[in-house]
Amino acid sequence: MELPETGLPPPPEFPEPTSTEAYIVPTLGLHQGTFVFSYLSTFLSYITPYDLPVELLRDAFHTRVSFLQLILEALKVESGYICLIAIFFLISLIPLCYTIAWGCSKPSDDDLNAGPTVDAIIQAEELSLEDSLKCRRGFLSLTLQIIILLLIASVIAMFVTNEQIASAIDQTPEVVRSSLADVETFLRDTEQQISFVIFEGLATTVDRIRSDLEEIDKLLGEPIQHHLSLFTGIEIIFETIMDISTSSNNLSRRIFLLQETLARAAKISYEAEYRLDELQIQLSVLQRQCSYRDRPLCDTLKIKNFEESGLIDKIRKLQSDPVLSKLLSMGEAGKNSTMKLLTQELTVARSIFRNYRTELKNSTLAPKENIERHLEELSNSTLLSTNTLSTTMNNLVKEVTRTANFSDSFFDYYREIGDGLWLTGLTATVCTLLVTFILLGALSCGCCHSDNKAGITLIFGAIVICFASVALSGFAMVEMLMGAHGHVFICHPLYDEPNYTVLGKLIDKPGLIYPVEPQNGIIDELMKAADPNRIGSMNVPLSKAINECERNKGAYSTFQLQNLLNVSSIMDYRNYPGLDRAINDLTASEAPFMGFTTQIQAILEDMLTDSDINLTAFRMDLTQLSPDKDVVTFIDQLQRVSAQIQDVATSSRMTTLGSRAKRLQVSLLHPLEQLRGDIVYHLTALELQLSPWATQVNKSLIHLRNAQSYLDAESAEVCHNKSDQFRARLKGHFEAYRNHTNVILSDRCASCRPLFDIFDAMRMLFCHHIMDPMNGLWFSSFLCLFLWAVATPVSLMMSSTYRRLEMLSGKLQHSDSNYYGRGGASRPESQRHSHHHQQQQQHHHHHPQHESSSHWSTQRSHMASSVGTSASVLPDIDRSNWSVSVHIAAVKESCTDDEIIADDDEAGQDGEVKYIEYEYIELMFDADDPTKYRECLI
């Protein structure tokens, strides 16, 4: 439920649990590294596409079938493995079969019989055969080098995979112990986080409710005030009335100024009236003293007094007006003045309205204490409800501890098996390396021109390969069966995401490895073993639990722990009738708002009545009266008349009277005229102020009456509705607590991801750290078998090539005894061939100047003639385009026969033998004419 907005700071957030970081398995680094031979698992899946026969495994596990029957049934689904075993076995027999066949066959060596040969064509063919054998030897040597390099790589792979298997086996106890320790950590952390969410969430809810009860004036009083103020405008009305008070003060100030001006004008008018009376008496005396002739002019003089103008009466009437007196009394600071009473009543009314929340807070103390008492009872009841969860988790921790103690006794036997596997793999690797070294030694002998030793070593290596292949094939078969069956029986079920069909059938439901099928799966069985008194079942499929944990879901929803801890009943306040009644008893009263502005309305009505005065009539009357103008007119008239009077004495008296009138006008009537103007101004200003003021009073009175009518009619309902909202807010804290707890428990609390990490670590250890290297070990062994099967023919062919080269070398050495010079010794075969290659290199790098040696050309021509003669006695063959290769012995390119003999003599005298240098020439014959040929230096 969404809580209503208030001006208060937001309520405290529900604390979220913090999961522990003390898990060990993620720090082991089992996912680190490159698993090169993982592709073999895909290959094994292709050759064994059938599902694991779980029924057969169940019967074998419970010894319901014989061993022979188990093998026969297994053959039906393991045809791929049988084919692989057959291939291994056949490949391992290739070296033996080929060696036997090679030993039984006799090589054809008739063309290599040693003996003197002088025929140049035969000798050329022998040289061509020697080159062919050398080329074959080079090719076979290169092939053997590649095979040896591949063998070395395979041996390195065997060694690395064997060490990986040994390292993984040695690491297994640590991984298992760490996994069990992480399971204990997970169980404790889960119990701690769930308890934290429940207790801390409830504590936060209780704190929120207590905070709301403490702030009931702001949460309940202020909304009521705000609603009533919004719909009645009572606060604005109060402010308007305060403005009326200010305006009344200004109005009283204006009336006070008016009264003050009237008082001064009355005082001056009294004195002016007296002076005017004196002036009028003097004028009457003057008129009587005028001569008969000037009497008509004197009779025209006349002056008005204040009685005739009515100025004094009007001033007095205005001063004594009762309305102005009441209006004047509004702004006075008297005890019973209108403004004083209005201010007091307004202060009381505003205090009642504004202090309503404080009054509400004081009036709800008893219901708040009752609610807090029931909240304390709720906390104690929740504590008792979580005991089942704590007991179950503690029993599971004990079971894990017993499992850890049992596994320690099994690790010694496991290490012995691992040591045996490692030793077997190391032996196979070393034997394979020794065979590789034999082939490498034979290749080294050939590079050092020890052809006889190289051939013998190659034959010995082939014989060793024959026996080693059979042994290595047996080793590869055993490793392949272990690795392949480990993949099919264990790794494939473990990685059968997301259904885990085989794994579920084996250990979950129907649980084929159990003597009695579990009703609801392995998880329910584990929980039932931990808490036999538990009511209800946990029907959680193993595949669903694994997938949920992989998605980092909470353990509470994944394993249906609501059967251990009924959070919904704990968090539902309706299950606690006392608390529900205590909350419902909390309500706000509307009594303070009933008729609290009656006195203000009465005062405003009086003020509105007192404002009924007609100032316009006073202003118009005063505007028409002007004693100053009358006196000025009289003075002017007096001056004109005095100018026409013929009697000097009368004229002088008139002048004197005019001077007196002038002094009266200046000293009294002119100030009185100014005061009259001020009175008219104040009346005008007062009229301008009084009309809006009366209108404002009238509007305020109307608004106040309407506001009070609304308060009398609607305040009870408003208080009831706002009380319902506040009670809903209190109950909303329980709803928020329940929603938050459900969300946290189902998604973000006590994530079961550590269990999946443990599961993933165990399958990673077995499948990628043990099975993958084991598959790599048999695959590397298979590569060695295949390379041995290729290396055996290559070795035997190289041995035959070395033997034929050795025989051909002896024949060529015998036929090369004819050379220039007297030294009868010929160079050794190795030196002859070495020198021959040096001559070829010199020929390619230095082009001899054939034109500069006529003797050598003559010798070449003679040799060519000899070859042509020999060719002429050959049978009729196609000579259109044929060639003969010969070799010519010479000491150097440019020399004559005499020089050769001289050099021989010198060599005989010096005791040195001049060895013959051989140069090979190819004669290209054209058509049928032996005399037509071209020389090509080889």
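Residues numbered from 1 in each chain as written. Predicted model: local features only at pLDDT ≥ 70, side-chain atom pairs only at ≥ 80, totals over all residues. Heavy atoms only, no water.

Per an unreviewed UniProt entry, the protein chain is named Prominin, and its organism is Culex pipiens pipiens. The Subcellular location (unreviewed entry) field of the UniProt record for the protein chain holds the comment "Membrane". (UniProt positions renumbered as here; feature names shortened; annotations may be inferred.)

A. A look at the overall build of the protein chain. A tally of helices and strands in the protein chain yields 30 helices and 3 strands. Burial status across the protein chain gives 45% buried among its 938 residues. Pairs at least 24 apart in sequence give 86% of the contacts found in the protein chain among residues at least 6 apart. Surface accessibility of the protein chain: about 47,600 Å² in total, with carbon and sulfur atoms responsible for 57%. (Helix = DSSP H or I, 4+ residues; strand = E, 2+ residues; numbered from the N terminus. Buried < 20%, exposed > 50% of the residue type's maximum accessible area, 1.4 Å probe, protein only. Contact = heavy atoms within 4.5 Å. Areas by Shrake-Rupley, 256 points an atom, 1.4 Å probe, with all protein chains shown as cover.)

B. Examining the environment of Gln-145 more closely. Topologically, Gln-145 is positioned in helix α5 (residues 120-214). In this structure the C-alpha to C-alpha distance between Gln-145 and Leu-440, which are 295 residues apart in sequence, comes to 7.9 Å.

C. Quick look at helix α4 (residues 79-104). Taking 1.5 Å of rise per residue, the 26 residues of α4 would be expected to cover 38 Å, and the 37 Å separating its terminal C-alpha atoms lies within 8% of that figure. Maximum bend of α4: about 30 degrees, positioned at Ile-94, with proline Pro-95 one to four residues after it. Of the positions making up α4, those classed as buried are Gly-80, Tyr-81, Leu-84, Phe-88, Ile-91, Ser-92, Pro-95 and Thr-99. (Expected span 1.5 Å × (residues − 1). Bend = angle between axes of the 7 residues up to and from the residue.)

D. Main features of the state of the cysteines. Taken as a whole and assessed by the stated rule, the structure comprises 2 disulfides. Between Cys-491 and Cys-767 runs a disulfide, and the two sulfur atoms are separated by 2.2 Å. Looking down the S-S bond of the Cys-491 and Cys-767 bridge, the torsion is -115 degrees, so its handedness is left-handed. Within this pair, whereas Cys-491 is found in helix α16 (residues 451-494), its partner Cys-767 is found in helix α27 (residues 753-815), the two being separated by 276 residues in sequence. A sulfur-sulfur separation of 2.3 Å characterises the disulfide bridge that pairs Cys-549 with Cys-752. The sign of the -115 degrees torsion about the S-S bond sets the Cys-549-Cys-752 disulfide as left-handed. Here the residue Cys-549 occupies a position in helix α19 (residues 542-550), and Cys-752 occupies one in the loop between α26 (648-748) and α27, the gap between them amounting to 203 residues. With no disulfide of its own, Cys-466 lies 8.6 Å from the sulfur of Cys-97, the closest cysteine sulfur. (Disulfide = S-S within 2.5 Å.)

E. Representation of the UniProt feature "transmembrane region" (unreviewed entry) in the protein chain. Under the UniProt annotation, the feature "transmembrane region" (unreviewed entry) is placed at residues 79-101, 139-160, 421-443, 455-478 and 777-798. Annotated as residues 421-443, this span is 100% helix and 0% strand, and its ends, taken at the C-alpha atoms, are 33 Å apart. A helix fraction of 100% and a strand fraction of 0% characterise residues 777-798, whose end C-alpha atoms lie 30 Å from each other.

F. Looking closely at the packing of aromatic side chains. A complete count under the given rule lists 15 aromatic pairs for this structure. Arranged with centres 5.7 Å apart and planes meeting at 65 degrees, the rings of Phe-353 and Phe-593 form a pair that is edge-to-face. Taken together, the residues Phe-353 in helix α12 (residues 338-354) and Phe-593 in the loop between α22 (577-584) and α23 (598-610) connect sequence positions 240 residues apart. Residues Phe-353 and Phe-593 agree in their burial class; the two are buried. Put simply, the rings of Phe-37, Tyr-39, Phe-88, Trp-778, Phe-779 and Phe-782 touch in pairs and so form one group of aromatic residues. Over the ring of Phe-14 we find Arg-208, and its NZ or CZ is 4.2 Å from the ring centre. Sitting above the plane of the Tyr-495 ring, Arg-763 keeps its charged end 4.2 Å from the centroid. (Phe/Tyr/Trp six-rings, centres within 6.5 Å; stacked < 30°, edge-to-face > 60°. Lys NZ or Arg CZ within 6 Å of the ring centre and 35° of its normal.)

G. Local environment of the pattern of salt bridges. Overall, the coordinates contain 20 salt bridges when judged by the stated rule. Residue Glu-184 is joined to Arg-188 by a salt bridge in which the shortest nitrogen-to-oxygen separation is 3.5 Å. Highlighted residues: Glu-184 and Arg-188, both in helix α5, separated by 4 residues, approximately one helical turn. Among the ionic pairs, Arg-210 bridges to Glu-376, the shortest N-O distance being 3.6 Å. Taken as a pair, Arg-210 in helix α5 and Glu-376 in helix α14 (residues 365-385) lie far apart in primary sequence, 166 residues in all. Its relative accessible area of 41% is what places Glu-376 among the partly exposed residues. What emerges from the salt-bridge pattern is a single network uniting Glu-235, Glu-239, Arg-350 and Arg-354. (Salt bridge = Lys/Arg side-chain N within 4 Å of Asp/Glu carboxyl O.)

H. Geometry of the packing of helix α7 (residues 234-289) against α12. Between α7 and α12, whose axes approach to 11 Å, the crossing angle comes to 160 degrees. When the axis of α7 is compared with that of α12, the two are roughly antiparallel. α7 and α12 meet at a crossing whose hand is left-handed. Residues Ile-234, Glu-235, Phe-238, Glu-239, Ile-241, Met-242, Ser-245, Ser-248 and Asn-249 of α7 lie in contact with α12, whose contacting residues are Met-339, Leu-342, Thr-343, Leu-346, Ala-349, Arg-350, Phe-353 and Arg-354. Looking at the contact of α7 with α12, its residues break down into 9 nonpolar, 4 polar and 4 charged. (Axes fitted to C-alpha atoms, helices over the stretch in contact; angles between N-to-C directions. Parallel < 35°, antiparallel > 145°, perpendicular 65-115°, else oblique. Left-handed = near helix turned anticlockwise from the far one by under 90°. Nonpolar A, V, L, I, M, F, W, Y, C, P; charged D, E, K, R; others polar.)

I. Layout of the nonpolar core. In this structure, Ile-194 and Ile-371 are the most contacted members of the largest nonpolar core, which totals 193 residues. Here this core gets 28 residues from one element, more than from any other, and that element is α26. (Core = buried A, V, L, I, M, F, W, Y, C linked by side-chain atoms within 4.5 Å.)

J. Inspection of the packing of α23 against α26 at higher detail. Their axes nearest at 9 Å, the elements α23 and α26 cross at an angle of 155 degrees. By the angle between their axes, α23 is roughly antiparallel relative to α26. Viewed along their axes, α23 and α26 form a crossing whose handedness is left-handed. Where α23 approaches α26, its residues Ile-600, Gln-601, Leu-604, Glu-605, Met-607 and Leu-608 are matched on the opposing element by Trp-693, Ala-694, Val-697, Asn-698, Ser-700, Leu-701, Leu-704, Arg-705 and Gln-708. For the contact of α23 with α26, the per-class residue count stands at 9 nonpolar, 4 polar and 2 charged.

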